[in-house]
Amino acid sequence: MEGKKTDSNMPPYTESFWRDTVQIPSFSRLDRDLEVDVGIIGGGITGIISAYLLAKEGYAVTLLEAGSLLNGTTGHTTAKVTAQHGLIYHELIERFNPTTASAYYQFNLAAMEWIKQIIEQKQIVCDFSEEDAYLFTNSEGGVNSLIEEKNAYKQLGIDHDYIEEVPIDIPVEAALRMNKQYQFHPLKFLTRLLEDMESLGVQIYENTMAIGVEDPQNPVIQTKEGHQVLCQKVVEASHFPFTDARGGFSTRLYPERSYVTAVRTKQPYPGGMYASVDTPMRSIRAVPYQDETLWLIGGESHKTGKGGETEAHYKALIDYAREHFSAEEVSYRWSSQDLTTLDKLPYIGPLSDRQSNILVATGFRKWGMTLAAGAAKLITDIISGKKNRFQKIFAPNRFHPKAHLKAFAKFNADSAKELVKGKMEGSSNTIENIPPSQAGIVRVEGQRTGVYREENGTLHLIDTTCTHMGCEVNWNQAEKTWDCPCHGSRFSATGEVLEGPAKMPLKQKDNR
Ligand code: FES
C-alpha cells in the first residue's frame, strides 16, 4: 500500500478510495455550439448510464459536466448495489400503499440485474461480488422498527431472514437480511461504459457548466462560456435540477452529507454489507485492494451545513472501527452529499406534462447506485416512447397529500428558520485568530464575512450569503468548503461553486 495514504491517525486530506484507484479519462471543454438529439447535464452515474443507453438506441447524445467526470456523489459513495435501502418498505406501505412499495422494490431489482448483466456481458473487471445485505440494531426501538420492516418484506415477497446474530463481530439485538445483493467498484464499471460511449459517438465535455435551459419546447442548453447546445430533449442528471424555477425543487429536496473511512485491520472480513438502523447510523462493507482488504465504515449523516465540526464525524467513525474491528490504519476518508425528496421516492421523468422535453433524475437518498441505473433505463424508455410501468410512480410532478403536505411544511419552515438564523448570528471571532489552512466567520464592518487563510497566509474574504436564495453558508473544515444549510449548495474556500443549485460564486470582498 502506498505510504502517503496510510496513517495511524487520520489522512490529512480527504480523498475517495474509488477515485484514487482508477484512471478516469479526461475530456476537453465545449468550445462551440452543438446540435444533438439529447443533451445530458451531469457526469455522474445517472448521466453516464443514460448517455450509454440512449446512444445504444441510436440517439446523438452529448454529455456536459461542470467539473470533472465522476467527482460528485458517484465518486464518493459506498457502492452497494442493493434493494435494501435502510428502513423504507414499511414506510412506503404506510405513506402510499403496498403496490407502490412493491414497485420500488421491483424497480431496484431490475436495476441490480441490469448492472450484473452488463458486467457479465462485457466482462468488466470491477470487483463485483454477491453479498447479503443486513440491517441491524442494538436498541429496543430499533428492534421494533426492524420487526415492522420484516413484516413489510413478508407482505411484498422480499427474500429475507430475520436473525439475532450477524457474521460480523458487532453487538446486535436483531438483524434483517436481504439475500443475494451486490457490491462493486463503481468507477471501474463506469469508466468502461465511458469507453463504449465514445465508440458509440457520444460527445463528452468536462469543465462545461450549463447555466440554463431556454425554451422547454425546443430546449437550448446555455453554457457559462456562452455556447449553446440545441436538443430535442434535455436530461438533468446534475443532482439538484437547475431548472429549479420550473420544478420548485428547492422546496421539495433536502441535502444531507455523510462520511466514509477506509481502514485496515488484521481481522478477516466475514462477508456481507451492513447498515444499522440506530442513531448514529453505521454502514460497513469491505473492498479488495491489491492483496489486502479495506473495511469501509460509513455513517454520521447530517443536513448539509448543519454538521458542526466536520472533522469530528470522521473521528467518530474511526473510533468505531478501532473499538469493534481493531482498525490499525486509516487509508482513506471522504464524504458525499445526497438529496432526499419529501416522500422518499426519487424524481425521475419529465418536469411536467407541459415541459416534457426536460427530464430530471434526482433524490436517490443514499442509494444512488441502484436507483441511478433504474432511472437511466426509465429515462431512456420515456425518450424512446416505450412504455415503462414505473413512470407514474416516480413522476417529478406527482402530489400525494398524505405523503407530501406535512413534510413540505416542515422542510420549508426549517429552511426559512435557517435563513433568519444565519442573518442574526453574531460572531466574536477575529481575522487574526484564524490559523493557516482554516476559515471562520467574522464581522467585518458589521457584515457577516467568511475568511479563509491559505497555508502561506493569504486571506480570502467572501460574502457568506449563498447566491442561490440568500441563506448563510457555514465553513466545513474537513472538506474545506462553504456549505449552505438550505438547499445544499457548496462553494470552494475561495467561493467558487462546487455543487448547485447555486450557479454563481460567492461574492468576493477585498482579499488581503
Ligand atoms: Fe439555496 Fe443556498 S442552496 S440558499
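Just so we're clear, the structure is a prediction, and the values are computed from it rather than from any experiment. (Residues numbered from 1 in each chain as written. Predicted model: local features only at pLDDT ≥ 70, side-chain atom pairs only at ≥ 80, totals over all residues. Heavy atoms only, no water.)

Remarks on the nonpolar core
One finds Ile49, Tyr89, Trp114 and Phe189 to be the most contacted residues of the largest nonpolar core, which totals 89 residues. Examining the composition of this core, we find that 11 residues originate from one element, helix α4 (residues 98-122), more than from any other. Beyond its immediate chain neighbours, meaning those up to four positions away, Phe189 contacts Ile49, Trp114, Ile115, Ile118, Ile119, Ile124, Cys126 and Phe184. Of all hydrophobic cores here, the second largest spans 25 residues; its members include Val166, Tyr269, Ala286 and Trp295. (Core = buried A, V, L, I, M, F, W, Y, C linked by side-chain atoms within 4.5 Å. Buried < 20%, exposed > 50% of the residue type's maximum accessible area, 1.4 Å probe, protein only. Helix = DSSP H or I, 4+ residues; strand = E, 2+ residues; numbered from the N terminus. Contact = heavy atoms within 4.5 Å.)

As for the sheet that holds strand β1 (residues 34-35)
Ordered in space as β1-β11-β10-β9, the four strands form an open sheet in which the pairing is mixed. A strand with exactly one partner marks an edge of an open sheet, and here the two such strands are β1 and β9 (210-214). As judged from the two bridges shared by β1 and strand β11 (residues 228-230), these two strands associate in the parallel manner. Residue pairing for β11: Glu35 is matched across the bridge by Leu230. (Pairing = 2+ DSSP bridges.)

Observations concerning unusual backbone geometry
Cis geometry marks the peptide bond from Thr279 to Pro280, where omega comes out at 0°. By the element assignment, Pro280 lies in the loop between β14 (273-276) and β15 (282-289). Note that the residue after Gly500, namely Pro501, is joined by a cis bond; omega there is 20°. By the element assignment, Pro501 lies in the segment after β26 (497-499). Backbone geometry places Glu300, a non-glycine residue, at a positive phi of 65°.

Looking at the packing of helix α2 (residues 45-56) against helix α6 (residues 186-199)
Between two packed helices, the angle of one axis relative to the other and the distance separating the axes together describe the packing. Axis separation between α2 and α6 bottoms out at 10 Å; the angle between their running directions is 35°. When you trace α2 past α6, the crossing you get is left-handed. Contacts from Ile45, Ile48, Ile49, Ala51 and Tyr52 of α2 reach α6 at Phe189, Leu190, Leu193, Leu194, Asp196 and Met197. When grouped by side-chain class, the residues that make up the contact of α2 with α6 number 10 nonpolar, no polar and one charged. (Axes fitted to C-alpha atoms, helices over the stretch in contact; angles between N-to-C directions. Left-handed = near helix turned anticlockwise from the far one by under 90°. Nonpolar A, V, L, I, M, F, W, Y, C, P; charged D, E, K, R; others polar.)

Remarks on the pairing of strand β13 (residues 253-264)
Counting buried positions over the 12 residues of β13 gives 11, a clear majority of the element. Looking at chain direction, β13 and strand β17 (residues 329-341) are connected through 12 bridges and run antiparallel. Considered in β17, the bridge of Arg257 is made with Gln337. Examined bridge by bridge, β13 and strand β16 (residues 292-303) share seven bridges and lie antiparallel to one another. In the strand pairing of β16, Glu256 is matched with Lys303.

Some thoughts on the sheet that holds β26
If you walk across this open sheet you meet the four strands as β23-β24-β25-β26, and the pairing is antiparallel. Each edge of the open sheet is held by one strand with a lone partner, namely β23 (474-476) and β26. The sheet shows a mean angle of 35° between the axes of neighbouring strands, direction not considered. Bridge count between strand β25 (residues 490-492) and β26: two bridges; the pairing is antiparallel. Its bridge partner lying in β26, Arg490 is registered against Glu499.

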